Amino acid sequence: MKNRVTRVLAGCVGAMALLVAAGGAQAGSDQERMAEIKEKGGCPGCDLRLAELRGLVLENGDFGRANLREVDLKEALLKDANFTGSDFRRTEAERADFSGSDFSGANMRSVDLEKANLNKTNFQDADLRDADLNTVEANGAVFDGADMRNVLLTRSIADAASFKGAKMDDANLERVDLNGANFQDARMRQAKLDRVKAHNANFSGADFTGVRLVSSDLTGANLKGVDFDGALLRRTRLAGADLSGAYNLDPSRILGACGDENTKLPNGIKLVPCAY
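Conventions and cut-offs
- Residues numbered from 1 in each chain as written.
- Predicted model: local features only at pLDDT ≥ 70, side-chain atom pairs only at ≥ 80, totals over all residues.
- Heavy atoms only, no water.
- Helix = DSSP H or I, 4+ residues; strand = E, 2+ residues; numbered from the N terminus.
- Buried < 20%, exposed > 50% of the residue type's maximum accessible area, 1.4 Å probe, protein only.
- Contact = heavy atoms within 4.5 Å.
- Polar contact = N/O pair within 3.5 Å; in protein donor to acceptor, adjacent residues only side chain to side chain.
- Salt bridge = Lys/Arg side-chain N within 4 Å of Asp/Glu carboxyl O.
- Core = buried A, V, L, I, M, F, W, Y, C linked by side-chain atoms within 4.5 Å.
- Disulfide = S-S within 2.5 Å.

Quick look at the environment of Asp-130
Within the fold, Asp-130 resides in the loop between helix H1 (2-40) and strand S1 (212-214). On the accessibility criterion, Asp-130 (29% relative accessible area) is partly exposed. Between the C-alpha atom of Asp-130 and that of Arg-109, which follows or precedes it by 21 residues, the distance is 6.0 Å. In this structure, Asp-130 is in contact with Arg-109, Ser-110, Arg-149, Asn-150 and Val-151, ignoring residues within four places of it in sequence. Among the polar contacts made by the side chain of Asp-130, one reaches the side chain of Asn-150 at a distance of 2.9 Å.

As structure tokens, this is what we get:
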């Protein structure tokens, strides 16, 4: 009996040793992989699923059509990189720097980019559904034609960014700086734009069905031809804004919104004067 117990314990210890060794080998392989990526200047078309690449530093890297699904890229510095057509689903990239990089056509559903640097980054036609872009810097970034349904973009800075033709249903843009941003023809049904600062932004032709604009500042914004069906404008600042041709505005849902002598409104719509 004693010998049998000894053999069982020895077997368990051996199995644990193999697991530890395997974990060490995996960690080592990821370090080697990072070194190889740096040496080759990227890894286009590679399968890097689940890799631990945290803190990877490489400028102008090529990761075109690479599989980076569920990779750990937290705090990585990957400026001006090529990620076109890559798979970034559920990738963890908090506080990473992707400024100037190209993610056009990438599959980035549920990616975590919280607090990332996305200045002048290209996300044209990318799939960003359910993505976490909270507290990012995305000045001059391009999201034209991107699928951004249910995206989180709160407390971010995206001045002069472009969202032309993007799908942004149920997106949360609360407290985002959007000065000079372009949302022409964007679909923003049920989106939340509370407390945004969007001076001189272009929303012409956008679909604002069910949008919330509570305490939002749209001074000088272009809102021509916007569909406001079911939208809520509460304490919305519209000084100098142009709402020519805007339609489906419900006076009962315009509560304390203000304008000035330069505000252009559809027939039948009135605003209180802005006091500040």
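We are not done yet, so read on.
Here we look at the pattern of salt bridges
Pairing between side chains becomes possible if they bear opposite charge and their charged atoms approach one another. Using the criterion set out here, one finds 19 salt bridges in the structure. Two residues, Arg-89 and Asp-87, come together in a salt bridge whose shortest N-O distance is 2.7 Å. For Asp-87, a relative accessible area of 12% gives the class buried. Notably, a salt bridge pairs Lys-224 with Asp-242, separated by 3.7 Å at the nearest N-O pair. Residue Lys-224 is found in the loop between S1 and strand S2 (232-234), and its partner Asp-242 is found in the loop between S2 and strand S3 (254-255); the two are separated by 18 residues along the sequence. For Asp-242, a relative accessible area of 13% gives the class buried. Taken together, the shared-partner salt bridges connect Asp-127, Arg-129, Asp-147 and Arg-149 into one network.

Re the nonpolar core
If you look at the biggest cluster of nonpolar residues, it comprises 79 residues, and the most contacted ones within it are Phe-203, Leu-223 and Phe-228. Sequence-distant contacts of Phe-203, defined by excluding residues within four places in its chain, comprise Phe-183, Met-188, Leu-193, Ala-198, Phe-208, Leu-218, Ala-221, Asn-222, Leu-223 and Val-226.

Quick notes on the state of the cysteines
Under the counting rule described, the total for this entry stands at two disulfides. Covalently, Cys-43 is tied to Cys-46 through a disulfide, its sulfur atoms 1.8 Å apart. The disulfide joining Cys-43 to Cys-46 has a torsion of about -90° about its S-S bond and is therefore left-handed. Here Cys-258 is linked by a disulfide to Cys-274, with a sulfur-sulfur distance of 2.1 Å. Looking along the S-S bond of the Cys-258-Cys-274 disulfide, the torsion reads about 90°, which is the right-handed sense. With a gap of 16 residues between them, Cys-258 in strand S4 (residues 258-259) and Cys-274 in the segment after strand S5 (272-273) connect regions that are remote in the sequence. By relative accessible area, Cys-274 is classed as buried at 19%.

None of the figures reported here should be taken as evidence of function without further support.
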